[in-house]
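Examining the three-dimensional arrangement
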Amino acid sequence: MKMRRLQVVAVYLATAVVALVALFPLIWLLLTSLKETREAFSMPPHFLFTPTMKWYSRVWIDEGFARYFWNTAVICAGTVLLAVPIAGLAAYALSRYRSMNTYVILVIALGFTMLPEMLIGMPIYLFARMTHLYNTPIVVILALAAQYLPLLVWLLRGFFLEIPIAVEECALVDGCNRWRVFWSIALPMAKPGLITACLLTLIFSYNAFLFPLILTGPGAQPLSVAIAQYGAQDIRYWSVSAAGAVSIAIPLLIAVVVAQRYLIGGITFGAVKE
Amino acid sequence: MRSRDFWAFMTPFLFLFLVFGIGPLVVCIIISFTHFSLSDYATSGIGFAGFANYLAVLASPRFWRAMSFTLFYVCTTVPLELCLGFAVALLLNARIKLRGVFSGALLLPYVLTPVVAAMAFSWLFRDQWGYVSYLLGQIGIHLDWFNNPWPARFLFVIFAVWKFTPFVILILFAGLKSLPREPLEAASIDGASWSQRVFFIIIPLLRHLFIFVILTRMIDAFKLFDEVFVMTGGGPGSATQTIVYYDYVQTFRYMDLGRGTAVGVLSVLALMIIGTPLLYYVYRGQLRRN
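Residues numbered from 1 in each chain as written. Chains lettered and ligands numbered in written order. Predicted model: local features only at pLDDT ≥ 70, side-chain atom pairs only at ≥ 80, totals over all residues.

**Some points on the overall build of chain B**
The helix and strand tally for chain B stands at 14 helices and 2 strands. Taken over the C-alpha atoms alone, chain B extends approximately 80 × 70 × 35 Å along its principal axes. Here chain B holds 290 residues, and 40% of them are scored as buried. Long-range pairs, those at least 24 residues apart, make up 67% of the contacts in chain B with a sequence separation of at least 6. (Helix = DSSP H or I, 4+ residues; strand = E, 2+ residues; numbered from the N terminus. Buried ≥ 20, exposed ≤ 12 C-beta atoms within 10 Å, placed from the backbone. Contact = placed C-beta atoms within 7 Å.)

**Describing the domain arrangement of chain A**
Interface size is commonly expressed as the accessible surface area that is lost when the partners come together. Residue and element names in this part refer to chain A. When the domains of chain A are assigned, the result is domain 1 (1-52) and domain 2 (67-269). The C-alpha centroid of domain 2 is placed 33 Å from the C-alpha centroid of domain 1. On the side of domain 2, 8 residues touch domain 1, which itself brings 8 residues to the contact. Residue assignment for the side of domain 1 that touches domain 2 shows that the elements contributing at least two residues are helix 1 (2-34) and helix 2 (37-40). For the side of domain 1 that touches domain 2, the element with the highest residue contribution is helix 1, accounting for 5 residues. Classifying every residue of the side of domain 1 that touches domain 2 gives 5 nonpolar, 3 polar and no charged. (Domains from an automatic or database assignment. Nonpolar A, V, L, I, M, F, W, Y, C, P; charged D, E, K, R; others polar.)

**Quick notes on the interface of chain A and chain B**
Chain A puts 72 residues into the contact, and the matching count from chain B is 71 residues. The class makeup of the residues in the side of chain A that touches chain B is 60 nonpolar, 8 polar and 4 charged.

**Considering helix 11 (residues 207-222) of chain B**
For helix 11 of chain B, which comprises 16 residues, the first-to-last C-alpha distance of 22 Å matches the rise-based estimate of 22 Å (1.5 Å per residue) to within 8%. For helix 11 of chain B, the set of buried residues is B:L209, B:V213, B:R217, B:A221 and B:F222. (Expected span 1.5 Å × (residues − 1).)

**Comments concerning the nonpolar core**
The biggest cluster of nonpolar side chains holds 158 residues, and the ones touching the most others in it are A:A87, A:A90, A:L149 and A:L152. Considering each element in turn, this core owes the most residues, 17 residues, to helix 7 (residues 137-162) of chain A. Each of domain 1 (1-52) and domain 2 (67-269) of chain A contributes no fewer than three residues to this core. Apart from residues no more than four positions distant in its own chain, A:A87 is found in contact with A:L149, A:L152, A:V153, A:L156, A:A197 and B:F13. (Core = buried A, V, L, I, M, F, W, Y, C linked by C-beta atoms within 7 Å.)

**Some details on unusual backbone geometry**
Outside of glycine, negative phi angles account for most residues, and trans bonds account for most peptide bonds. Residues and elements named next belong to chain A. Positive phi outside glycine occurs at H132, with the angle close to 60°. Residue H132 is classed as exposed on the basis of its C-beta count, with 9 C-beta atoms lying within 10 Å. One non-glycine residue, N135, adopts positive backbone phi at about 65°. Mapped onto the fold, N135 is located in the loop between helix 6 (117-130) and helix 7. Take N135: there are 16 C-beta atoms within 10 Å of it, and that puts it in the partly exposed class.

**Overview of the environment of B:L266**
Residues and elements named next belong to chain B. Looking at the secondary structure, you find L266 in helix 14 (residues 257-289). Take L266: there are 19 C-beta atoms within 10 Å of it, and that puts it in the partly exposed class. Measuring from C-alpha to C-alpha, the distance between L266 and V57 comes to 9.0 Å, with 209 residues separating the pair along the chain. Sequence-distant contacts of L266, that is, excluding residues within four places in its chain, are made with Y54 and V57.

**Digging into the packing of helix 4 (residues 65-96) of chain A against helix 7 of chain A**
The angle between the axes and the distance between the axes are what describe a pair of packed helices. Residue and element names in this part refer to chain A. Interaxial distance between helix 4 and helix 7 falls to 6 Å at its minimum, and their mutual angle equals 40°. Considering only the axes of helix 4 and helix 7, their crossing is right-handed. Among the residues forming the contact of helix 4 with helix 7, the class breakdown is 23 nonpolar, 5 polar and 1 charged. (Axes fitted to C-alpha atoms, helices over the stretch in contact; angles between N-to-C directions. Left-handed = near helix turned anticlockwise from the far one by under 90°.)

**Focus: the packing of helix 7 of chain A against helix 10 (residues 191-207) of chain A**
All names here are of chain A. The geometry of helix 7 relative to helix 10 is characterised by a closest axis approach of 10 Å and an angle of 155° between their N-to-C directions. Classified by the angle between their axes, helix 7 and helix 10 sit roughly antiparallel to one another. The handedness of the crossing between helix 7 and helix 10 is right-handed. Facing helix 7, whose interface residues are L144, Y148, L152, L155, L156 and F159, helix 10 presents G193, T196, A197, T201, F204 and S205. Looking at the contact of helix 7 with helix 10 residue by residue, the class counts come to 8 nonpolar, 4 polar and no charged. (Parallel < 35°, antiparallel > 145°, perpendicular 65-115°, else oblique.)

**Quick word on the environment of B:P114**
Inspection of the secondary structure puts B:P114 in helix 6 (residues 114-123). Residues B:P114 and B:I141, spaced 27 residues apart in sequence, show a C-alpha to C-alpha distance of 28 Å. In this structure, B:P114 is in contact with A:N207, A:F209, B:D226 and B:E227, ignoring residues within four places of it in sequence.

Right, dumping it as structure tokens:
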């Protein structure tokens, strides 16, 4: 019984340590963004201080982060709206059609996720310059959607495979066409999968860096690219960058708090077969 | 499903995938065989170059330095993440579920934008202003993480372990929960110790999950870019350039598209060279059986 108690204590201790290590840099970032520069970067650190919001107003108003946030929002929304429906259609078809073609397509798509982004990105950059789509959200959306398609197809296909086909077959026998079956039967049943797919796509496109970096200039830059420009400058701007970084992290924090279940489901999906 | 319906459903996917996936890849390979400089293609034109780009890249010591750092990074972070993640997952196995605040805490580093996370992380290690540097100084370790090549390289390893171990923990924890209880109970009844149970039952049963984690992390680690851009810019010198960063520099700083694409193709080949023996070693058991 003493073993039991010791084990419980050890587990709680391990939990606390892991959580602390995981969150420490972020907590430090938050503290830094609320301190005056002198307090923030002097060692030993001040744990008691009067917080100030001035860096946040500097970031959002003076530096115009609102514009970058808008750019990010456009890119994320566009990518989700483009990638998820297309992936859903393809995933449904790949889950219901028995043929060698499906495996060929799936394997090629999977192989694509292994490629470094520069290979795909550079020709898209040329394309963007040639068609004057450089520095627009459209080309970023197209590039990102194409990048996430294979992953989403694999994810959604897994969800569609779980749905029993008996109901669909009844409907088909009764005279429904395949589109009707997809729209009215399969899709509603795959809702958790669709939510997961939308959530993952939102987060991936929110965090995307290389494609937006090479495909946008100052006009259409999303948050990730904008903040990267600040990090490199000297220490006087680090408080501003910290406020910007915390601002960028907040939507992700909200997503984690609100949609944890779906996130963890999406992450563990390809791995663990229940 | 009728063939006609299948292709109707697949068309948008195939279109997007071919135009913005396969197409760029083919264009990239083609360009790697040409002389194509973005800065002066109007004057010197685009000409066929055979393997000249590949030879130039393979002869460049910067390329090999980038490749060796990338391999170093992959070969240190993946085992570290795996072992640490597995250890933590085992330790936490006593809990029924990872839920609420704790799983949220685990998710945040993994989900956070890489550039943001890298920036925040790197500030902790700055010489005069970083808290971790200060703590290390208190116990007598004085390291300039950013102006020496090896500390800078290890900085990325530490960062990756911090960021990606939660991913491993979450997956392996779910895997541990899905294991059948009978073999473990039978083994403990038969007198097997905890470590015997782990090494002879749990690990073999989780073999496929380990492989999934290793392959996923290996491929992602190979593509390291965002953090390099923000933390060190490939420095000091070019000590922390990864292969993707080197490609980026060739393409967008030196404007040499022929070289950049050659680097990209070579990096894919390298990934295949490394990955295929691993896959073969892992799946030869199954291949033989089939």
